[in-house]
Structures are given as structure tokens and as C-alpha cells.
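Structural description and commentary
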Amino acid sequence: MEKIIITATAEGIEQVKELLEAGVDRIYVGEKHYGLRLPHTFTYDELRQIADLVHEAGREIVVAVNALMHQDMMDNIKPFLDFLAEIKTDYITVGDAGVFYVVNRDKYPFKTIY
């Protein structure tokens, strides 16, 4: 039997801590430019802190990159993806084929969820 993976969306850093204590396997978060349908958006500093908490607990972080991209967003996606690689993001959710293309072309380390 396969293990069930529990993923929860967090509304704040304190809630991330509570979810990890409760045994959640994956924390789902995002920021205001590239993430859609989130209860809260986080700053880059907060995302870094969340990634550290999640990884210290031996769990995974999923970051929303699910916006439908306009050209100016695609022109600026690489610095964001570089940041996600730097904080060792495990998964990203993707809503635009252009993001798939850049992730695959540049061999980013995270897995994608469509």
C-alpha cells in the first residue's frame, strides 16, 4: 500500500509550524506575482524561512507558480525560479506551458505539478 501524502496550504509562518507538528508532509505556499488562489502570499524572506522550517522537519515545500503568464512575467521568471532553486523548493505547481519550458530547458531541480 502506498503512503498517503498530506499537503496543506499555509496562511502564515505560525501555521506552518503547527501543520508540521500535526504531521503534514508537504506545505503549499506562494508569493503575490506568480501564485494564484492562495489564502495568503509570502515575501521572499518568509518563503526562505518556511523552506528552512519544512526541510528541518524532513518534509517538502511546494510553491505556487500557477499564474497564466503575460510576456513581462515570463521575462522575469528566471530570477524567481533561481530563488526557488536556492531555497531548495521540492515541487512547484505550474499553470502555464512557458514555465514548463523554462524549467525543463534550464534543468531546474524541482518537480512540477500541473
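Look up: the structure comes first, before these words.
Predicted model, so just to flag it, every value in this text is computed and none were measured. (Residues numbered from 1 in each chain as written. Predicted model: local features only at pLDDT ≥ 70, side-chain atom pairs only at ≥ 80, totals over all residues. Heavy atoms only, no water.)

Moving on to the overall build of the protein chain. Within the protein chain, the regular secondary structure consists of five helices and five strands. Scanning the protein chain from its N terminus toward the C terminus, one meets helices and strands in the order β-α-β-α-β-α-α-β-α-β. The C-alpha atoms of the protein chain give a radius of gyration of 14 Å, which matches the 13 Å a tight globule of 114 residues would have. Overall, the C-alpha framework of the protein chain stretches about 40 × 35 × 25 Å when taken along its three principal axes. Scored against the burial criterion, the 114 residues of the protein chain give a buried share of 44%. The contacts of the protein chain with a sequence gap of at least 6 include a subset with a gap of at least 24, amounting to 58%. For the protein chain, the computed accessible surface area is about 6600 Å², with 51% contributed by carbon and sulfur atoms. Between the averaged position of the 12 positive side-chain charges in the protein chain and that of its 19 negative side-chain charges there is a distance of 5 Å. (Helix = DSSP H or I, 4+ residues; strand = E, 2+ residues; numbered from the N terminus. Rg over C-alpha atoms; globule rule 2.2 N^0.38 Å. Buried < 20%, exposed > 50% of the residue type's maximum accessible area, 1.4 Å probe, protein only. Contact = heavy atoms within 4.5 Å. Areas by Shrake-Rupley, 256 points an atom, 1.4 Å probe, with all protein chains shown as cover. Lys, Arg positive; Asp, Glu negative; His and termini not counted. Charge placed at Lys NZ, Arg CZ, Asp CG, Glu CD.)

This next bit is on the packing of aromatic side chains. Counted according to the given criterion, the structure contains five aromatic pairs. Taking the centre distance of 5.5 Å and the plane angle of 10° together, the rings of Y108 and F110 count as stacked. Here Y108 and F110 have matching classes, each one buried. Ring pairing ties together the aromatic residues Y34, Y44, F80 and F83, which thus form one cluster. (Phe/Tyr/Trp six-rings, centres within 6.5 Å; stacked < 30°, edge-to-face > 60°.)

Here we come to the side chain of D25. If you trace the backbone, D25 turns up in the loop between helix 1 (13–21) and strand 2 (26–30). The contact partners of D25, leaving out residues within four places of it in the chain, are K3, I4, I5, I6, R59 and E60.

In this fold, T89 is placed in the loop between helix 4 (77–86) and strand 4 (91–94). Residue class for T89 comes out buried when judged on its relative accessible area of 5%. A polar side-chain atom of T89 sits 2.9 Å from the main-chain carbonyl oxygen of L84. Setting aside anything within four residues of it in sequence, one finds T89 in contact with I61, V63, L84 and F110. (Polar contact = N/O pair within 3.5 Å; in protein donor to acceptor, adjacent residues only side chain to side chain.)

Interpretation note: all reported values are geometric properties and have no functional meaning in isolation.
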